[in-house]
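Each chain, written out:
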Amino acid sequence: MDAMRLIGVSRHALAESRAALDILAEAWQAQTLAQAIGGRLALNGPPELRGEARGLSEVGGRGSGVLDSAVLRTGESCLAGGVPPVTRPRAAQLSEVADAHGTLTGLGRLLGEVGIALVGVACATDEEALYWQCIEGIDAADESSDRVRGMLRRLTVREKGRSRSADRDPAA
């Protein structure tokens, strides 16, 4: 599935989430998606993005690790021997990143929405462990967002450079 479509599915799922554990699960999904998109761009993306893309993949991996254990530690169904709320990352369906700029813009929005949702959970909970898991998730989403913004800046510089070259050499 194309990255833009996965981002749309994730944004919708996050918007529909009401329970704290569902929001944590969607934050985990977003971080695994950031990891996958970063990995894909590191391998096949524009050359000027590859270093930052590797960084995004690493940050997304750390963020999903924090949230993965958080979701599993707090889920009542897990404590009662049930199925964990998150069993398969949506990012496993990623097949391509057709539009790097559009994908990064959408991913940035998703990560911002994740941060806001986690702030809401952190403010509403009386459980200290859940509060700190949300804070760690907010930090991870923020760090991933920083990487995404850096990559978008690099793309903008690249496009401006191409535009100037085309203006100077109309045959190019």
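Here the structure is a predicted model, which means the values were calculated and not measured.

Chemist: Outline the overall build of the protein chain, listing residues and values.
Modeler: Tallying secondary structure elements over the protein chain gives six helices and zero strands in all. Counting from the amino terminus, helix and strand elements in the protein chain follow one another as α-α-α-α-α-α. Out of the 172 residues belonging to the protein chain, those deemed buried represent 43%. Within the protein chain, contacts between residues separated by at least 24 positions form 78% of all contacts whose residues are at least 6 apart in sequence. On the protein chain, roughly 8900 Å² of surface is accessible, and the fraction owed to carbon and sulfur atoms is 51%.

Chemist: Please provide a residue-by-residue account of the nonpolar core, values included.
Modeler: Counting 38 residues, the largest nonpolar core has Ile37, Leu41, Leu104, Leu107, Leu110, Val114 and Leu118 as its most contacted members. For this core, the elements supplying multiple residues, two or more each, are helix H1 (3-16), helix H2 (20-44), helix H3 (50-74), helix H5 (100-124) and helix H6 (128-168). Contact partners of Leu107, with chain neighbours within four places excluded, come to Ile7, Ala34, Ile37, Leu56 and Val148.

Chemist: For the pattern of salt bridges, give the residues involved together with the corresponding values.
Modeler: Taken as a whole and judged by the stated rule, the model has seven salt bridges. For Glu113, the salt bridge identified is with Arg11, shortest N-O distance 2.5 Å. Here Glu113 is found in helix H5, whereas its partner Arg11 is found in helix H1, with 102 residues between them in sequence. Overall, Glu113 belongs to the partly exposed group, its relative accessible area being 26%. Of the residues examined, Arg11 reaches a relative accessible area of 30% and is grouped as partly exposed.

Chemist: I'd love a proper account of the packing of H1 against H5, names of residues and values included.
Modeler: At a closest axis distance of 9 Å, the pairing of H1 and H5 adopts a crossing angle of 15°. Of the possible angle classes, the one that applies to H1 and H5 is roughly parallel. When the axes of H1 and H5 are compared, the crossing they make is left-handed. From H1, Ala3, Met4, Ile7, Ser10, Arg11 and Leu14 reach across to H5, where they touch Gly102, Thr103, Gly106, Leu107, Arg109, Leu110, Glu113, Val114 and Ala117. Within the contact of H1 with H5, the residues separate by chemical class into eight nonpolar, four polar and three charged.

Chemist: Describe the environment of Ala19, listing the residues and the values that go with them.
Modeler: Of note, Ala19 is situated in the loop between H1 and H2. A relative accessible area of 37% places Ala19 in the partly exposed class. Along the chain, Ala19 and Val121 lie 102 residues apart, while their C-alpha atoms are 8.6 Å from each other.

Chemist: Account for the confidence of the model for the protein chain, with residues named and values stated.
Modeler: For the protein chain, the average pLDDT comes to 87, and 84% of its residues sit at 70 or higher. The low-confidence segment residues 72-86, where pLDDT is below 50, has 20 contacts with residues more than four positions distant or belonging to other chains.

Chemist: If you had to explain the packing of H2 against H5 to someone new, which residues and values would you point to?
Modeler: Remark: H2 packs on H5, axes separated minimally by 10 Å, with the N-to-C direction vectors making an angle of 155°. Looking at the two axes, H2 sits roughly antiparallel to H5. Where H2 crosses over H5, the two elements pack in a sense that is left-handed. For the pair H2 and H5, contact is made by Ala20, Ile23, Leu24, Glu26, Ala27, Ala30, Gln31, Leu33, Ala34, Ile37 and Leu41 and by Ala100, Thr103, Leu104, Leu107, Leu110, Leu111, Val114, Ala117, Leu118 and Val121, respectively. Tallied by class, the residues present in the contact of H2 with H5 amount to 18 nonpolar, two polar and one charged.

Procedures and definitions
- Residues numbered from 1 in each chain as written.
- Predicted model: local features only at pLDDT ≥ 70, side-chain atom pairs only at ≥ 80, totals over all residues.
- Heavy atoms only, no water.
- Helix = DSSP H or I, 4+ residues; strand = E, 2+ residues; numbered from the N terminus.
- Buried < 20%, exposed > 50% of the residue type's maximum accessible area, 1.4 Å probe, protein only.
- Contact = heavy atoms within 4.5 Å.
- Areas by Shrake-Rupley, 256 points an atom, 1.4 Å probe, with all protein chains shown as cover.
- Core = buried A, V, L, I, M, F, W, Y, C linked by side-chain atoms within 4.5 Å.
- Salt bridge = Lys/Arg side-chain N within 4 Å of Asp/Glu carboxyl O.
- Axes fitted to C-alpha atoms, helices over the stretch in contact; angles between N-to-C directions.
- Parallel < 35°, antiparallel > 145°, perpendicular 65-115°, else oblique.
- Left-handed = near helix turned anticlockwise from the far one by under 90°.
- Nonpolar A, V, L, I, M, F, W, Y, C, P; charged D, E, K, R; others polar.
- pLDDT = per-residue confidence, 0-100.

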